[in-house]
Amino acid sequence: QVQLVESGGGLVQAGGSLRLSCAASGRGRTFSSYAMGWFRQAPGKEREFVAGISWSGRNEYYADSVKGRFTISRDNAKNTVYLHMNSLKPEDTAVYYCAAGTNYYYTTTAALWDYWGQGTQVTVSS
């Protein structure tokens, strides 16, 4: 079992920046063996893929809506994955979820990921 805990969410003005963190713990596979990803879900909408990163950290994949603005990274020594968000827009407002899995990092279907955090709220004001 793997536990994921997100942090770093909050309220930010449009155009601002925010960094989310996701710390992993538990037994089984080591953190470095999992692909990691970020999803988000706004009220009344389905959970959507935001970004993914391979187990090595050498490969990244982004949704078109965030490409060029968001950056995903990981520190395997700290069992932590990050989402750096720049040039935030009101439409980025959502609960952001961290995910881990043995799937490929570019998997955009939420149901195919193995483990999930509880989410952290990101609100972007206009």
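Each remark here, short or long, concerns the structure printed above.
Keep in mind it's a predicted model, so treat the numbers as computed, not measured.

Chemist: Please set out the state of the cysteines residue by residue, giving values where relevant.
Modeler: Overall, the coordinates contain one disulfide when judged by the stated rule. Note that Cys 22 is cross-linked by a disulfide to Cys 98, the S-S spacing being 2.1 Å. Disulfide Cys 22-Cys 98: torsion about the S-S bond near -80°, hence left-handed. In this pair, Cys 22 is assigned in strand S3 (residues 18-26) and Cys 98 in strand S9 (residues 94-101), connecting sequence segments 76 residues apart. The burial state of Cys 22 is the same as that of Cys 98; both residues are buried.

Chemist: Any details on the pairing of strand S11 (residues 120-125)? Residues and values, ideally.
Modeler: Taken residue by residue, a regular strand's side chains alternate between the two faces of the sheet. Here S11 shows one buried face, formed by Thr 120, Val 122 and Val 124, and one open face, formed by Gln 121, Thr 123 and Ser 125. With four bridges joining them, strand S2 (residues 10-13) and S11 adopt parallel strand pairing. Within S11, the position partnered with Gln 13 by the bridge is Ser 125. Bridging between S9 and S11 involves three bridges; their strand directions are antiparallel.

Chemist: I'd like to hear about the pattern of salt bridges, residue by residue, with values.
Modeler: Taken as a whole and judged by the stated rule, the model has three salt bridges. Across the pair Glu 48 and Arg 40 runs a salt bridge, and its minimum N-O distance is 2.7 Å.

Chemist: I'd like to hear about the sheet that holds strand S8 (residues 80-85), residue by residue, with values.
Modeler: Strand pairing in a sheet is mediated by backbone hydrogen bonds. Such pairs are either parallel or antiparallel. Reading across from one edge, S1-S3-S8-S7 is the order of the four strands in this open sheet, with antiparallel pairing throughout. Each edge of the open sheet carries a strand with a single partner, namely strand S1 (2-7) and strand S7 (70-75). Within this sheet the neighbouring strands show an average axis-to-axis angle of 15°, counted without direction. Bridge count between S3 and S8: six bridges; the pairing is antiparallel. Bridging from a neighbouring strand, Cys 22 pairs with Val 81 of S8.

About the thresholds
- Within every chain, residues take consecutive numbers counted from 1 along the sequence as written.
- The predicted origin of the model limits local features to residues at a pLDDT of at least 70 and limits the giving and counting of side-chain atom pairs to 80 or more, whereas totals for whole chains, interfaces and linings rest on all residues.
- As a convention, hydrogens and water are excluded, and side-chain values are obtained from all of the structure's heavy atoms.
- Two cysteine sulfur atoms form a disulfide, by the criterion used here, when they sit within 2.5 Å.
- The secondary structure listing takes helices from DSSP runs of H or I that are at least 4 residues long and strands from runs of E that are at least 2 residues long, numbered from the N terminus.
- Exposure is judged per residue with a 1.4 Å probe applied to protein chains only, and the accessible area is read against the type maximum: over 50% gives exposed, under 20% gives buried, and values in between give partly exposed.
- DSSP-based pairing: two strands are paired if at least 2 bridges between them are found.
- Criterion for a salt bridge: a side-chain nitrogen of Lys or Arg within 4 Å of a carboxyl oxygen of Asp or Glu.
- Comment: axis = line fitted to C-alpha atoms, over the contacting stretch for helices; angle = value between 0 and 180 degrees taken between N-to-C directions.

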